[in-house]
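Geometric and topological summary
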Amino acid sequence: MKIATWNVNSIRTRLDHVLNWLYVNAVDVLCLQETKVVDELFPQSAFESEGYQVYISGQKAYNGVALISRQALKNVQVGFTSVLGSSEATERFDQQKRLICAISSPSGAEQPSLRILNLYVPNGSEIGSDKYYYKLEWLALLEEYIQNLLQQDPCHLLICGDFNIALEDRDIHDASERAHHIMASDLERQALQRVLQIGLQDAFRKFTAEGGHFSWWNYRAGGFQRNRGWRIDHQYLSKALYQAATACTIDTAPRRLPQPSDHVPVTVELDMAAL
DNA sequence: ATGGCTATCGCGGATAGA
């Protein structure tokens, strides 16, 4: 089973890139972030014509996530409130459409179910700003959300998306200023580490130890051409899934196309029969 | 370098991204 994550920076602008990529790569589930469109205007039929089911949580101009799946998904849940119940905090954070979760249950097989959580973690703007504290609070709520999910139904869990955090220095082209840089500060890394301590491991690092592998490059100043990038798009797996992972790859090809997204897709391959 | 680029909304230029 192959699951990919891709921040497309507007699904309507990037529709051809995504459809072409899916045609060549044929993943089972594609998790999209920054779709930047309300649900009514999401190009759903373009994916359905290619045999995919579409599950979306979008808003006007900003944010927005989607699950594009070969098989129908079950128990689709959107936002924090659907899992944590309504509170001042869940309602406030759910104004921004940043998470969608569903269960993939292979039909006719004895293979176990897999819960897929697709995230668009807030960017944080700059260290110390209101948006920075919003990001840290959002990650704290995410920790609570995942603990609740696992209590409700302790199944295999895959969390992927644009985390807007480089967890280690080897995930940054130049880590010298990292302590003062958004996406690399100690508090951001600690907030993500607390989430991962629930029992999640980075699929990419099962296979690749060296630095120089990135998933995002700044549009400005020839970031991609000079490989001045960051690895901020991740695939995190619960223990048995991590054991069952057979590959995790970053596909830089779409970044070379005209008018690319600034992020590229990251795909994890799982041997479900090994579970 | 208060730099560099891209997308949305909406029609100029602010806002956001990372």
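Residues numbered from 1 in each chain as written. Chains lettered and ligands numbered in written order. Predicted model: local features only at pLDDT ≥ 70, side-chain atom pairs only at ≥ 80, totals over all residues. Heavy atoms only, no water.

**Describing the sheet that holds strand β3 (residues 53–57)**
What counts here: Two strands qualify as a pair provided that DSSP identifies no fewer than 2 bridges between them. Helical segments are the DSSP runs of H or I of at least four residues, strand segments are the runs of E of at least two, and each set is numbered from the N terminus. Convention adopted: a line fitted to C-alpha atoms gives each axis, helices being fitted over their contacting stretch, and angles between N-to-C directions are expressed from 0 to 180 degrees.
Taken in spatial order, the six strands line up as β3-β4-β2-β1-β14-β13 in an open sheet, and their pairing is mixed. The strands lining the two open edges of the sheet, one partner per strand, are β3 and β13 (245–250). Each strand axis lies, on average, 15° off the axis of its neighbour in the sheet, ignoring direction. Relative to strand β4 (residues 65–69), β3 is paired through five bridges, and the arrangement is antiparallel.

**Side note on the sheet that holds strand β9 (residues 200–202)**
Put simply, the rule is: Contact criterion: two residues are considered in contact whenever any of their non-hydrogen atoms come within 4.5 Å of each other.
Taking strand neighbours across the sheet as the criterion, the six strands line up as β5-β6-β7-β8-β12-β9 in an open arrangement whose pairing is mixed. This sheet does not close on itself; its edge strands, each paired only once, are β5 (74–78) and β9. Across the sheet, the axes of successive neighbouring strands diverge by a mean angle of 20°, strand direction being ignored. Contacts from helix α5 (residues 130–152) reach β5, β6 (99–104), β7 (114–120) and β8 (156–162), with the element oriented near 170° to β7.

**Details of the side chain of Ser69**
Put simply, the rule is: Relative accessibility thresholds used throughout: buried, under 20% of the residue-type maximum; exposed, over 50%; partly exposed, between the two (1.4 Å probe, protein chains only). Pairing of N or O atoms within 3.5 Å defines a polar contact, subject to two protein rules: one partner must be a possible hydrogen donor and the other a possible acceptor, and residues neighboring in sequence count only if both atoms are side-chain atoms.
Note that Ser69 resides in strand β4. Judged by its relative accessible area of 1%, Ser69 is buried. Polar contacts involving the side chain of Ser69 include one to the main-chain carbonyl oxygen of Gln71, which spans 2.5 Å. In contact with Ser69, other than residues within four places in its own chain, are Asp28, Val29, Gly51, Tyr52 and Gln53.

**Observations concerning the layout of surface pockets**
A probe as big as a water molecule, rolled over the atoms, marks out the empty space that is left. Rules: Residues are called lining when one of their atoms sits within 4 Å of a cavity or pocket point, these points coming from a 1 Å grid over the protein atoms alone, where a cavity is a set in which a 1.4 Å probe fits but cannot get out and a pocket is an open set with protein on both sides within 12 Å along at least five of seven lines. Grid points are joined across faces, edges and corners, and a volume is the space filled by probe spheres set on the points. Throughout this entry, Asp, Glu, Lys and Arg are counted as charged residues, while Ala, Val, Leu, Ile, Met, Phe, Trp, Tyr, Cys and Pro are counted as nonpolar. The remaining residues, Gly among them, count as polar.
Put simply, the largest pocket is a space of about 800 Å³. Along the walls of the largest pocket sit 35 residues, with Asn123, Asn164, Ile182, Met183 and Trp216 positioned nearest its centre. Across the lining of the largest pocket, the residue classes tally to twelve nonpolar, twelve polar and eleven charged.

**So, the pairing of strand β2 (residues 29–33)**
Note the cut-off: When the strands point away from the viewer and the connection leading from the first strand across the helix to the second strand turns clockwise, the crossover is called right-handed.
Within β2, five of the five residues are buried, leaving the element largely enclosed by the surrounding structure. Residues Val29, Cys31 and Gln33 point to one face of β2 and Leu30 and Leu32 to the other, with burial holding for every one of them. Both strand β1 (residues 2–7) and β2 contribute to a ladder of five bridges, which runs parallel. Following the sheet pairing, Ala4 is matched in β2 by Leu30. Since β1 and β2 lie parallel, the crossover through helix α1 (residues 15–25) that links them has a hand, and here it is right-handed. Sheet topology note: the β2/β4 ladder contains five bridges and is antiparallel. The residue bridging Leu30 from the neighbouring strand is Ile68, located in β4.

**Topic: the packing of aromatic side chains**
Where we set the bar: Any pair of Phe, Tyr and Trp rings, taking the six-membered ring for Trp, is counted once the centres come within 6.5 Å. Such a pair is stacked with planes under 30 degrees apart, edge-to-face with planes over 60 apart, and tilted for the rest. Criterion for a charge above a ring: Arg CZ or Lys NZ at most 6 Å from the ring centre, at most 35 degrees from the ring normal.
What the rule picks out here adds up to nine aromatic pairs. Between Phe80 and Trp138, the aromatic rings sit 5.3 Å apart at their centres with planes inclined by 70°, giving edge-to-face as the arrangement. Placement of the pair is Phe80 in the loop between β5 and α3 (81–84) and Trp138 in helix α5, with a sequence separation of 58 residues. No difference in accessibility class separates Phe80 from Trp138, as the two residues are buried. Here Phe93 and Tyr134 contribute two aromatic rings whose centre-to-centre distance is 4.8 Å and whose plane-to-plane angle is 45°, an arrangement assigned as tilted. Of this pair, Phe93 sits in helix α4 (residues 88–93) while Tyr134 sits in helix α5, and the two are 41 residues apart along the sequence. Take Phe93: its relative accessible area is 2%, and that puts it in the buried class. The class for Tyr134 is buried, based on a relative accessible area of 18%. Within the aromatic cluster, the residues linked to one another by ring pairs are Phe80, Phe93, Tyr134, Trp138 and Tyr145. In this arrangement the basic side chain of Arg70 is found over the ring face of Tyr52, its NZ or CZ atom lying 4.0 Å from the centre.

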